[in-house]
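Structural features, examined
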Amino acid sequence: MAMLPSEQAPDRRSAVLFELFVHSVVDYAIYMLDVNGRVISWNPGAERIKGYSEAEILGRHFSVFYTENDIAEGKPAEELLVAAEVGSHEDEGWRLRRGGERFWANTVITALRDGQGSLVGFGKVTRDLTERRRTQEETTGRRLAFTHFVRAQETERRRIAWDVHDDSIQSMIAVSMRLQMLATQRQDSALMQLDDAIQGAIRRLRILVARLRPPALNEDDLVASVRDYLADVVDGWGLDYTLRHDFTAKPQSDIVVTAFRILQEALVNVRKHANATTVVVSLTGQDGGLLAKVADNGDGMKTGGESSHQALSGEHIGMASMRERAEAAQGWFRISSRPGEGTSVAFWIPLGPPGLARR
């Protein structure tokens, strides 16, 4: 009568348990090769991943799993040689299933030696990483698309800013100078009032130009950009401001621009709508991303804050713009507010490739 594993000698019991383990694994292909690279054992995981039954594959050379290019370049033999020389070999690349379907695999080949150190074969473990690779490619694609979007948007902003500054504003300045001359010659108050209106329009256009392309924006340094914007712009609004940060990362330029634009919009909203006297901006590294907040001591929002993805009917274009920027970067955006207690805008964007937004 066969003994149960618990009744056998320790070495034999370990061997039996290991054999049970290997034949219970279905997420990894685990199999043995002889010294010439021919398959001599096959587990259910190998059958599931590679598509060959044990009867079909035993005795065949493991190069059957490699692409024609890899075989032509001698890759299977080279991997065995490296494993024999250094003990193991690890690789990621395309492999073939039964029928010729390609899949992306991580493989580890380990040289097996007897008590005298003689090579007796190889153990090989293969993981199917096709889905992970597909996800990475999709993530990379989204990242590139986001980067191109940000760059295109900033390029268009610069173009509009230059056009407004070099064309519209200059033309209006010329008209203003002519009106001033005529108003002085004729002592015409109506002309002076018209010139005042033009001067006001010029000031507003200059503010627009500064918003489109703020001198403070340094695409290589978020903290410096925010600090300069607070000093150069927000200070002129009569707001007391505080910048708090422990952010030391150096994110890519598209992340810097995105974060800066959200913060810029949030600060402009404070000026326009909050009736606040102080504002606090904080930048913190959290969960592999940037957590940023803008909090004021103003009137607060009459309807209170909201964090759900409800219709934007109660959300003005500035709020919608901030939310869209954060979510385009695979992050999140929130507003919290109570009447008389000010408003806090917070957003998180990942510093690396976009992934699951953390809430």
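Residues numbered from 1 in each chain as written. Predicted model: local features only at pLDDT ≥ 70, side-chain atom pairs only at ≥ 80, totals over all residues. Heavy atoms only, no water.

1. Let's talk about the UniProt feature "domain: PAS" (unreviewed entry) in the chain
- The residues that UniProt annotates with the feature "domain: PAS" (unreviewed entry) are residues 30–69.
- Each end of residues 30–69 is marked by a C-alpha atom, and these two atoms are 24 Å apart; helix forms 32% of the span and strand 10%. (UniProt positions renumbered as here; feature names shortened; annotations may be inferred. Helix = DSSP H or I, 4+ residues; strand = E, 2+ residues; numbered from the N terminus.)

2. Some points on the sheet that holds strand β1 (residues 28–33)
- Strand order in the open sheet formed by 4 strands is β1-β4-β3-β2, with antiparallel pairing between adjacent strands. Each of the sheet's edge strands pairs with one partner strand only, and the pair in question is β1 and β2 (88–96). Taking each pair of neighbouring strands and ignoring which way they run, the sheet shows an average axis angle of 25 degrees.
- Packed onto the sheet, helix α5 (residues 75–86) meets β1, β2, β3 (102–113) and β4 (119–128) and runs at close to 160 degrees relative to β2.
- Contacting β2, β3 and β4, helix α6 (residues 130–186) runs over the sheet at an angle of about 130 degrees to β3. (Pairing = 2+ DSSP bridges. Axes fitted to C-alpha atoms, helices over the stretch in contact; angles between N-to-C directions. Contact = heavy atoms within 4.5 Å.)

3. Regarding the pattern of salt bridges
- Following the criterion strictly, the structure yields 13 salt bridges and no others.
- The partner of D91 in a salt bridge is K75, with the nearest N and O atoms 2.9 Å apart. Of the two residues, D91 sits in strand β2 while K75 sits in helix α5, which places them 16 residues apart along the sequence. We note that D91, like K75, is buried.
- Between R132 and E92 there is a salt bridge whose closest N-O contact spans 3.1 Å. One end of the pair, R132, is in helix α6; the other, E92, is in strand β2, with 40 residues separating them in the sequence.
- In this structure, a network of salt bridges that share partners links the residues K75, E79, D91 and R95. (Salt bridge = Lys/Arg side-chain N within 4 Å of Asp/Glu carboxyl O. Buried < 20%, exposed > 50% of the residue type's maximum accessible area, 1.4 Å probe, protein only.)

4. So, the packing of aromatic side chains
- Under the defined criterion, the tally for this structure stands at 7 aromatic pairs.
- Plain terms: the ring middles of Y31 and F65 are 5.8 Å apart, the flat faces sit at 70 degrees to each other, and that makes the pair edge-to-face. Of the two residues, Y31 sits in strand β1 while F65 sits in the loop between α3 (54–57) and α4 (68–72), which places them 34 residues apart along the sequence.
- Look at F62 and Y66: their rings are 5.4 Å apart centre to centre, the planes differ by 90 degrees, and that puts the pair in the edge-to-face class. As far as burial versus exposure is concerned, F62 and Y66 are alike and both buried.
- Grouping aromatic residues by their ring pairs yields a cluster made of Y31, W42, Y52 and F65.
- The aromatic ring of W94 is capped on one face by R102, whose charged end is 4.1 Å from the ring centroid.
- One Lys or Arg, R334, reaches over the ring of W332 and ends 4.0 Å from the middle of that ring. (Phe/Tyr/Trp six-rings, centres within 6.5 Å; stacked < 30°, edge-to-face > 60°. Lys NZ or Arg CZ within 6 Å of the ring centre and 35° of its normal.)

5. Quick word on unusual backbone geometry
- Phi at Q187 takes a positive value of approximately 55 degrees, unusual for a residue other than glycine.
- Examined against the element boundaries, Q187 turns out to sit in the loop between α6 and α7 (189–212).
- A relative accessible area of 65% means that Q187 is categorised as exposed.
- In the Ramachandran plot, Q330 falls in the positive-phi region, its phi being about 70 degrees despite a non-glycine side chain.
- If you trace the backbone, Q330 turns up in the loop between α10 (317–328) and β8 (332–337).
- On the accessibility criterion, Q330 (24% relative accessible area) is partly exposed.

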